[in-house]
Amino acid sequence: MASWQQRPPPACSPLPDPGDYKGTGLGPLATAATLLRSALWRHCLPRVVMAAAGTQLGRLLVGGLWLLAALLQRGAAAAVAAVDGRRAIAATGENFVCATLDWWPPDKCDYGTCPWGRAGLLNLDLSNKVLLNAVRAFSPPLMLRLGGSLQDKVVYGTADLGRPCAPFAKNASEMHGFTQGCLTLRRWDELNAFFQKSGTRPNLLDVITHHIYNLGPGRDTHLIDKILNPSVLDGMRSTFSSLQGLLKSAGTSTVAWVGEAGGAYNSGRHLVTDAFVFSFWFLDQLGMSAKYDTKSYCRQSLIGGNYGLLNTTTFQPNPDYYSALLWHRLMGTKVLATTFSGTNKIRAYAHCARDSESLYC
């Protein structure tokens, strides 16, 4: 596993076109399976799923591409996935997929590395076109949650501040290791201009949130084993279920959010939480949380740390960016009851397709 983790994937060679399979007698799912197997062999899965996302074939598969990928890759024995499409068992919010922007400054370091760079809210290059287009690719707009551990240390550069508007400074005697940091009015305007350009918008909220770092510290050398361990994945089920039950019994209009989820705390782990393998954790989290009426799931982070959807220095998408975008484009708000008979290493979730015209959806 260690050698796989450190070895770069081979170059992505050209993939066959779906049209090449016309006249072969293969139905849509068989064609998808053939293409997906080819993609897995070439390490080109993100390209295939993004190409399928806007097509009729993509809508037929809904969330099943990842299930199919696991079956093909592992050569699993015969198994049955059953979806009850007669009624929804839960519902997400329209902007279920969410990402965070954090306050961490460049000298936020964990385990000898400083993976945040200039990705914090006070430092992020908001003029970067890759960043802007990465957010714009989500429609409806991507929900962005601003905040983090340093939120309570943020002060604002208004006229009544009474002192210079200085950024966060490292101080080991302070909570979280930093002094207060000041958001200037100019930076406030820059952030608002970025949100307007990218299509994000402020919302009034009545939510209860919780954070998820169930994999432990980023320094753990067994993170991959945990990500692929069904018992570890299932451990979050009781948390989601308990919160759902609490809100129902309270008779409140308050809804549940996952306000921050990076899986492994202290900025994650390079080549694990920013790599393809982490999608097995991330997609399972999206599917499981949705079953329990979670309205929004905010991934830590959009950019920054070792778990960003975008690379901290190049702004290029990491694998989980494609997972988030695929889910956002395909999966509607209505969650369907889904069962799977077979190995518990394969996870099955189903939603009505986004903008579905089905009788039940």
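Within each chain, residue numbers correspond to sequence positions counted from 1 in written order. For this predicted model, a pLDDT threshold of at least 70 governs which residues receive local features, and a threshold of 80 or more governs which side-chain atom pairs are given and counted, while totals over whole chains, interfaces and linings are taken from all residues. The basis for the side-chain values is all heavy atoms of the structure; hydrogens and waters are excluded.

> It is not clear to me how the overall build of the protein chain should be interpreted in this structure. Could you clarify?
Along the protein chain, the regular secondary structure elements total twelve helices and twelve strands. With 361 residues in all, the protein chain has 47% of them scored as buried. Across the protein chain, contacts joining residues at least 24 apart in sequence account for 75% of those joining residues at least 6 apart. Under the convention used here, a 1.4 Å probe and the Shrake-Rupley method define accessible areas, while residue burial counts only the protein chains that appear. Surface summary for the protein chain: the accessible area is close to 17600 Å², and the carbon and sulfur share equals 55%. For the purposes of this entry, the term helix denotes a DSSP run of H or I that reaches at least four residues, the term strand denotes a run of E that reaches at least two, and both are numbered from the N terminus. Burial classification: accessible surface area is computed with a 1.4 Å probe over protein chains only, and a residue below 20% of its type maximum counts as buried, one above 50% as exposed, and the rest as partly exposed. Contacts are assigned to residue pairs with any non-hydrogen atoms lying within 4.5 Å of each other.

> How do you make sense of helix 10 (residues 237-250) when you look at a structure like this?
Because the α-helix completes a turn every 3.6 residues, residues three or four places apart line up on one side. With 14 residues, helix 10 ought to run about 20 Å at 1.5 Å a step, and its terminal C-alpha atoms sit 20 Å apart, in line with that. Those residues of helix 10 lying buried are Phe240, Leu243, Gln244 and Leu247. Relative to the axis of helix 10, the buried residues are bounded by an arc of 100° and lie together on one face. Looking at the buried residues of helix 10, the elements they touch are strand 6 (207-212), strand 8 (255-261), helix 11 (278-291) and strand 10 (294-299). Of the residues trailing helix 10, glycine 251 is marked for its positive phi of about 60°. What a helix should span is 1.5 Å times the count of its residues minus one. Throughout, the arc means that of the directions going from the helix axis to the C-beta atoms.

> Help me out: how do you make sense of the pattern of salt bridges in this one?
Should their charged atoms come close, side chains of opposite charge can pair. We define a salt bridge as a side-chain nitrogen of Lys or Arg found within 4 Å of a carboxyl oxygen belonging to Asp or Glu. A full pass over the atoms with the stated rule returns 13 salt bridges. Note that arginine 86 is salt-bridged to aspartate 84, the shortest N-O span being 2.9 Å. When its relative accessible area of 60% is taken as the criterion, arginine 86 is described as exposed. For the salt bridge of glutamate 94 with arginine 354, the shortest nitrogen-to-oxygen distance reads 2.9 Å. Placement of the pair is glutamate 94 in the loop between strand 1 (80-91) and strand 2 (97-101) and arginine 354 in the segment after strand 12 (350-353), with a sequence separation of 260 residues. Judged by relative accessible area, which is 42%, glutamate 94 ranks as partly exposed.

> Before we go on, may I ask you to explain the confidence of the model for the protein chain in this structure?
Detailed reading of the predicted coordinates is not advisable wherever pLDDT is low. For every residue, the pLDDT score states the predictor's confidence, bounded by 0 at the bottom and 100 at the top. Summary statistics for the protein chain give a mean pLDDT of 84 and a share of 78% for residues scoring 70 or more. Long-range and interchain partners of residues 24-65, a stretch whose pLDDT sits below 50, account for 68 contacts in this model, where long-range means more than four residues apart.

> Explanation requested: the sheet that holds strand 12 in the structure shown.
The strands that make up a sheet are held in pairs by hydrogen bonds between backbone atoms, and each pair lies either parallel or antiparallel. A pair of strands is considered paired only if DSSP assigns at least 2 bridges between the two. Spatially, 1-11-12 is the arrangement adopted by the three strands of the open sheet, whose pairing is antiparallel. Of all strands in the sheet, those bounded by a partner on one side alone are strand 1 and strand 12. Direction aside, neighbouring strands of the sheet carry axes that sit 35° apart on average. The pairing of strand 11 (residues 331-341) with strand 12 spans three bridges and is classified as antiparallel. Looking at the pairing, methionine 331 lines up with alanine 353 of strand 12. Only the stretch in contact is used when a helix axis is fitted, and all axes are lines through C-alpha atoms; the angle between N-to-C directions ranges over 0 to 180 degrees. Running over the sheet, helix 12 (residues 319-330) touches strand 11 and strand 12 and is turned about 105° from strand 11.

> What's the story with the state of the cysteines in this structure? I'm lost.
In protein structure, a disulfide is the covalent linkage between the sulfur atoms of two cysteines. Count a disulfide wherever a pair of cysteine sulfur atoms falls within 2.5 Å. One pass over the structure, following the stated rule, counts three disulfides. Cysteine 98 shares a disulfide with cysteine 298; S-S distance 2.1 Å. Sign of the S-S torsion, about 85° for the bond between cysteine 98 and cysteine 298, identifies this disulfide as right-handed. Taken as a pair, cysteine 98 in strand 2 and cysteine 298 in strand 10 lie far apart in primary sequence, 200 residues in all. By relative accessible area, cysteine 98 is classed as buried at 2%. The side chain of cysteine 165 participates in a disulfide bridge whose partner is cysteine 182; the two sulfur atoms lie 1.8 Å from each other. Of note, the bridge from cysteine 165 to cysteine 182 carries an S-S torsion of about -95° and is left-handed in sense. Here cysteine 165 is found in the loop between strand 4 (154-156) and strand 5 (181-183), whereas its partner cysteine 182 is found in strand 5, with 17 residues between them in sequence. Residue cysteine 165 is classed as partly exposed on the basis of its relative accessible area, which comes to 32%.

> What exactly am I supposed to notice about the packing of aromatic side chains here?
One pair of aromatic rings is described through two measures. These are the centre distance and the angle between the planes. For this analysis, a ring pair means two rings from Phe, Tyr or Trp (six-membered ring only for Trp) whose centres lie within 6.5 Å, classed as stacked if their planes differ by under 30 degrees, edge-to-face if by over 60, and tilted for the remaining angles. A complete count under the given rule lists eleven aromatic pairs for this structure. Taking 6.4 Å as the distance between ring centres and 80° as the angle between the ring planes, the aromatic pair formed by tyrosine 156 and tryptophan 188 counts as edge-to-face. Placement of the pair is tyrosine 156 in strand 4 and tryptophan 188 in helix 7 (residues 185-198), with a sequence separation of 32 residues. By relative accessible area, tryptophan 188 is classed as partly exposed at 45%. Chaining the aromatic ring pairs together yields one cluster made of Phe138, Tyr321 and Tyr322.

> What should I look at first to understand the nonpolar core in this one?
General note: in soluble globular proteins, nonpolar side chains tend to be found buried as a group. Counting residues in each nonpolar core, the largest one holds 63 residues, and the members touching the most others are Trp281, Tyr297 and Leu302. Broken down by secondary-structure element, the contributors of at least two residues to this core are strand 2, helix 6 (129-136), helix 7, helix 8 (223-227), strand 8, helix 11, helix 12 and strand 11. Aside from chain neighbours lying at most four places away, what touches tryptophan 281 is Ile212, Asn214, Leu215, Ile227, Leu233, Ala261, Gly262, Gly263 and Tyr297. Only buried Ala, Val, Leu, Ile, Met, Phe, Trp, Tyr and Cys residues count toward a nonpolar core, and they belong to the same one when joined by side-chain atoms within 4.5 Å.

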